[in-house]
Number of protein chains: 2
Amino acid sequence: MARIVKAPEERRAEIVETADRLFRQYGYAKCSVEMIIREIGVAKGTFYYYFKSKPDILQAIVDKTLSQIVEMAKGVADEPSLTAMQKMEALLGNSHIGDDNSLEVAEMLHLPENRELHELTNIQTVLQLSPILAQIVEQGIGEGVFEVERPLETIQFLFTGAQFLTDGDMFGFSEAEIRKRRLVTQTIIEKALGAAPGSFDFMNPIRAVE
Amino acid sequence: MARIVKAPEERRAEIVETADRLFRQYGYAKCSVEMIIREIGVAKGTFYYYFKSKPDILQAIVDKTLSQIVEMAKGVADEPSLTAMQKMEALLGNSHIGDDNSLEVAEMLHLPENRELHELTNIQTVLQLSPILAQIVEQGIGEGVFEVERPLETIQFLFTGAQFLTDGDMFGFSEAEIRKRRLVTQTIIEKALGAAPGSFDFMNPIRAVE
DNA sequence: ACTGACTGACCGTCAGTCAGTCAAGTCAGT
DNA sequence: ACTGACTTGACTGACTGACGGTCAGTCAGT
């Protein structure tokens, strides 16, 4: 095949992006290295020139995705003009439907066939995002809207628990089920953070009657 | 090789037990069907006579392990002489260190190489155990020790969140870390269920000073 | 004679290897 | 400045070993 040489960073990025797309589409296990290189049009060796194994590129994808999310969250957390509650809404609200990938990422990550991607990202998300959220909670304590003793660990617990929302998708639960779960999640968050009931209403845009 | 015929249930159980042991020891992915059958001394075909695929036997192991746990929990939940709090202590307390496998299972399940077993069991545990716990919560509401609106979904959330305790093991967190996490877990459970502070003290046998 | 538990050679696929190719850059000699 | 030998490192693709899975056939018990 015609030999096309590219700048290493460009080639690496090309492989990561293609693998990312195919892993999400077909699932990690069902997507062979062969598929990835055929899609790009490079040889097997090129893949292993840049990545030492298949799990290795999975880790690279997770790192990349996560650093984007973390950066976004840091931007919000460090914004001095916002109150703690406003920051919570910005990060947890369903408002940001428009911004291309933050929602899509969450959705695709939870396709049933993506268990490897799913759990790896979940654990890392909890560990890396929690300190940022905890910082906002500290701010909220100062503002008198929250009351918790151990913000970091509390956030970690809540983050982990919130997975039961998304895990539900994997079993194809009904709309009503999901809505109930979202309401309960809101209630527990409010109780755990010592926030006023209803202060996290932005998580449940249209309150259902029952 | 010498042909040894056994009763189907016996052979099936033999394969499940061996696979269970080897999966826990080496991890699901790193343990080949070849290893399992060599250990037992049967042919490849025997394995596929009883199980239609490798994931299939994984499911069988999860089902077996889970049904043991569920049965135990049901036994406690249906005991008419116990209060709701006593049942909670029986199921969540660290008292049952002696009973051979409930703790060991939990420990081995959380080895890093056992992700497949880990997540499959986690999800199934949450789904199957939650109704039983929820029933106890209902009883507790009647006894005036709990106050929650949606016991089932609340328990599901708490169960999922409690994984952050065990997931911590995978990263080798320190004793102090684990203890902090356990305290926070207790606090959130009490708040979420509307139980009196300290009523779940059995989760943290020796209260640390700080 | 018949059933069904059991065998093991065989297949396709996949992750990973490696000896070698090729393009582009470097630089000494003219 | 130009040329051509030399070096570097991106890239190739045939190959290997191991794996999950199949199936035509064998044998023990009834």
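Residues numbered from 1 in each chain as written. Chains lettered and ligands numbered in written order. Predicted model: local features only at pLDDT ≥ 70, side-chain atom pairs only at ≥ 80, totals over all residues. Heavy atoms only, no water.

Engineer: Tell me what's going on with the overall build of chain A, and back it up with residues and numbers.
Structural biologist: Helix and strand counts for chain A stand at nine helices and zero strands. Each helix (α) and strand (β) of chain A, taken in turn from the N terminus, gives the series α-α-α-α-α-α-α-α-α. For chain A, the residues scored as buried account for 44% of the 210 residues in total. Counting only contacts in chain A whose residues sit at least 6 apart along the sequence, the fraction spanning at least 24 positions is 61%. When the accessible surface of chain A is split by element, carbon and sulfur atoms take 55% of a total near 10900 Å². (Helix = DSSP H or I, 4+ residues; strand = E, 2+ residues; numbered from the N terminus. Buried < 20%, exposed > 50% of the residue type's maximum accessible area, 1.4 Å probe, protein only. Contact = heavy atoms within 4.5 Å. Areas by Shrake-Rupley, 256 points an atom, 1.4 Å probe, with all protein chains shown as cover.)

Engineer: So what's going on with the relation of the copies chain B and chain A? Residues and values would help.
Structural biologist: Superposition of chain B onto chain A requires a rotation of 180 degrees combined with a translation of 0.1 Å along the rotation axis, giving an RMSD of 0.2 Å. Between the two chains, the operation in question is that of a two-fold axis. Ranked by how close their C-alpha atoms come to the rotation axis, the residues of chain B are headed by B:Gly161, at 1.8 Å. Residue by residue, 100% of the interface of chain B is reproduced at the interface of chain A, so both copies engage with the same surface. (Least-squares fit on C-alpha atoms with pLDDT ≥ 70 in both.)

Engineer: So what's going on with the packing of aromatic side chains? Residues and values would help.
Structural biologist: Residues and elements named next belong to chain A. Per the stated rule, a full pass over the model turns up twelve aromatic pairs over all chains. Judged by centre distance (6.1 Å) and plane angle (25 degrees), the rings of phenylalanine 146 and phenylalanine 200 are stacked. In this pair, phenylalanine 146 is assigned in the loop between helix H7 (115–143) and helix H8 (151–169) and phenylalanine 200 in the segment after helix H9 (175–193), connecting sequence segments 54 residues apart. Residue phenylalanine 200 is classed as buried on the basis of its relative accessible area of 0%. Through a chain of ring-to-ring contacts, the aromatic side chains of Phe47, Tyr48 and Phe51 assemble into a single cluster. It is lysine 54 that lies over the ring of tyrosine 28; its NZ or CZ is 4.4 Å from the centre. (Phe/Tyr/Trp six-rings, centres within 6.5 Å; stacked < 30°, edge-to-face > 60°. Lys NZ or Arg CZ within 6 Å of the ring centre and 35° of its normal.)

Engineer: I'd like a description of the pattern of salt bridges, backed by residues and values.
Structural biologist: One pass over the full model with this rule turns up 14 salt bridges over all chains. Residue B:Glu153 pairs with A:Lys180 through a salt bridge whose shortest N-O separation is 3.7 Å. Of this pair, B:Glu153 sits in helix H8 (residues 151–167) while A:Lys180 sits in helix H9, each in a different chain. On the basis of relative accessibility, which here comes to 6%, the residue B:Glu153 falls in the buried class. The class for A:Lys180 is partly exposed, based on a relative accessible area of 31%. Between B:Asp20 and B:Lys64 there is a salt bridge; the shortest N-O distance is 3.7 Å. With a gap of 44 residues between them, B:Asp20 in helix H1 (residues 8–26) and B:Lys64 in helix H4 (residues 54–77) connect regions that are remote in the sequence. (Salt bridge = Lys/Arg side-chain N within 4 Å of Asp/Glu carboxyl O.)

Engineer: Describe the interface of chain B and chain A, listing the residues and the values that go with them.
Structural biologist: Residue-level contacts link 30 residues of chain B with 31 residues of chain A. The largest share of the area that chain B buries against chain A comes from B:Glu119, B:Arg150 and B:Phe157, three residues that together contribute 23% of it. The interface formed by chain B and chain A includes two salt bridges. Taken together, the elements giving at least two residues each to the side of chain B that touches chain A come down to helix H7 (115–142), H8 and helix H9 (175–193) of chain B. Looking at which element gives the most residues to the side of chain B that touches chain A, the answer is H8(B), with ten residues. When its residues are assigned to classes, the side of chain B that touches chain A shows 13 nonpolar, eight polar and nine charged. (Buried area = accessible area lost by both parts, 1.4 Å probe. Nonpolar A, V, L, I, M, F, W, Y, C, P; charged D, E, K, R; others polar.)

Engineer: Any details on the nonpolar core? Residues and values, ideally.
Structural biologist: When a protein is soluble and globular, its nonpolar side chains tend to lie buried together. By size, the foremost hydrophobic cluster in this structure holds 60 residues, and its most contacted members are A:Phe146, A:Leu193, A:Phe200, B:Phe146, B:Leu193 and B:Phe200. Ignoring any residue separated from it by four or fewer positions in sequence, one finds B:Phe146 in contact with B:Ala84, B:Met85, B:Met88, B:Ile136, B:Val137, B:Gly140, B:Ile141, B:Leu193, B:Gly194, B:Ala195 and B:Phe200. (Core = buried A, V, L, I, M, F, W, Y, C linked by side-chain atoms within 4.5 Å.)

Engineer: Go over H9(A) with me, naming the residues and quoting the values.
Structural biologist: Each turn of an α-helix holds 3.6 residues, which means side chains three or four residues apart point in the same direction. Residue and element names in this part refer to chain A. When the terminal C-alpha atoms of H9 are compared, their 27 Å separation across 19 residues agrees well with the 27 Å that a helix rising 1.5 Å per residue should span. All of the buried residues along H9 are Ile178, Arg181, Leu183, Val184, Thr185, Gln186, Ile188, Ile189, Glu190, Ala192 and Leu193. Positive backbone phi, at 70 degrees, marks glycine 194, one or two positions downstream of H9. (Expected span 1.5 Å × (residues − 1).)

Engineer: Tell me about the side chain of A:Thr185, and please be specific about residues and values.
Structural biologist: With respect to the helices and strands, the residue A:Thr185 is situated in helix H9. Here A:Thr185 is in contact with A:Phe164, A:Leu165, A:Met203 and B:Phe157, once residues within four sequence places are set aside.

Engineer: Mind laying out H1(B), listing which residues take part and the relevant values?
Structural biologist: The end-to-end C-alpha separation of H1(B) is 27 Å, in line with the 27 Å expected for 19 residues at 1.5 Å each. Remark: B:Gly27 follows H1(B) within two positions and exhibits a positive phi of approximately 95 degrees.

Engineer: Tell me about the confidence of the model for chain A, residues and numbers included.
Structural biologist: Residue and element names in this part refer to chain A. Confidence in the prediction of chain A, expressed as mean pLDDT, is 83, and 82% of residues score 70 or more. Element-level pLDDT for chain A is lowest in helix H6 (residues 102–109), with a mean of 41, against a maximum mean of 95 in helix H3 (residues 44–50). pLDDT under 50 marks residues 95–112. Its contacts with residues more than four places away, or in other chains, come to 20 contacts. (pLDDT = per-residue confidence, 0-100.)

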